Amino acid sequence: MVYNYAGVVALADPTRRKVFELVAEGPRSVANLARILPVSQPAISHHLKVLREARLVRAEPRGASNIYHVDPHGLGEMRAWLDQMWGNALDAFRNEINKAKERKE
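- Looking up the protein in an unreviewed UniProt entry gives the name Winged helix-turn-helix transcriptional regulator, with the organism given as Mesorhizobium onobrychidis.

Topic: the pairing of strand β1 (residues 57-62)
Thinking step 1. Direction of pairing for β1 relative to strand β2 (residues 65-70): antiparallel, over a ladder of six bridges. Residue pairing across strands places V57 opposite V70, the latter belonging to β2.
Thinking step 2. The loop that links β1 with its antiparallel partner β2 comprises two residues; one of these, G63, has a positive phi angle of about 65°.

Remarks on helix α2 (residues 14-25)
Thinking step 1. Between its first and last C-alpha atoms α2 spans 17 Å; for twelve residues at 1.5 Å apiece the expected length is 16 Å, and the two agree.
Thinking step 2. Those residues of α2 that fall on the buried side of the exposure criterion are R16, V19, F20, L22 and V23. End-on view of α2: buried residues confined to an arc of 160°, all on one side of the axis. Opposite the buried face of α2, at more than 90 degrees from it, the exposed residues are P14 and E25.
Thinking step 3. The opening residue of α2, the one whose side-chain oxygen lies 3.0 Å from the backbone nitrogen of T15, is D13.

A look at helix α4 (residues 41-53)
Thinking step 1. Its 13 residues place the ends of α4 18 Å apart at the C-alpha level, agreeing with the 18 Å of an ideal helix rising 1.5 Å per residue.
Thinking step 2. The inward-facing, buried residues of α4 contact α1 (6-10), α2, α3 (30-36), β1 and β2.
Thinking step 3. R55 occupies a position one or two residues after α4 and carries a positive phi of about 60°.

Points about the packing of α2 against α4
Thinking step 1. Viewed as axis vectors pointing N to C, α2 and α4 meet at an angle of 75°, and their least axial separation amounts to 10 Å. Between α2 and α4, the crossing angle belongs to the class labelled roughly perpendicular. Judged by residue contacts, T15, R16, V19, F20 and V23 of α2 engage H46, H47, L48, V50 and L51 from α4.
Thinking step 2. Residue composition of the contact of α2 with α4, by class: six nonpolar, three polar and one charged.

Some remarks on the pattern of salt bridges
Thinking step 1. According to the stated counting rule, one finds five salt bridges in the structure shown.
Thinking step 2. In this structure, the salt-bridge partner of K99 is E96, at a minimum N-O distance of 3.6 Å. Remark: E96 and K99 occur in helix α5 (residues 72-104); sequence separation between them is three residues, near one turn of the helix.
Thinking step 3. Taking the relative accessible area as the measure of exposure, K99 reaches 42% and is therefore partly exposed.
Thinking step 4. On the basis of relative accessible area, E96 is assigned to the partly exposed category, the value being 44%.

Parameters and conventions
Residues numbered from 1 in each chain as written. Predicted model: local features only at pLDDT ≥ 70, side-chain atom pairs only at ≥ 80, totals over all residues. Heavy atoms only, no water. Pairing = 2+ DSSP bridges. Helix = DSSP H or I, 4+ residues; strand = E, 2+ residues; numbered from the N terminus. Expected span 1.5 Å × (residues − 1). Buried < 20%, exposed > 50% of the residue type's maximum accessible area, 1.4 Å probe, protein only. Arc of directions from axis to C-beta. Polar contact = N/O pair within 3.5 Å; in protein donor to acceptor, adjacent residues only side chain to side chain. Contact = heavy atoms within 4.5 Å. Axes fitted to C-alpha atoms, helices over the stretch in contact; angles between N-to-C directions. Parallel < 35°, antiparallel > 145°, perpendicular 65-115°, else oblique. Nonpolar A, V, L, I, M, F, W, Y, C, P; charged D, E, K, R; others polar. Salt bridge = Lys/Arg side-chain N within 4 Å of Asp/Glu carboxyl O.

Below you can see the structure in the form of structure tokens.
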């Protein structure tokens, strides 16, 4: 399986994370997002481009603009990557606890 860690990096920016959260609530256009956020339309377009490249959103052409939706495939890949990283961290923690127990015995 291919993991989408680029999504995690893309969501590190607070404005981009807010754009993603709004798109996750329902499909949105750049103009709609610009009415909600204190960010210019070009800045929102840039954030959406980064989210598209990270495969967290997809664009659906509608007339002269695009409507953005969450990309469930890319989001699933990011989730798989996070699950793997979390699993690895828990395994390492478990190993350290076991080593500490063995030292006490």
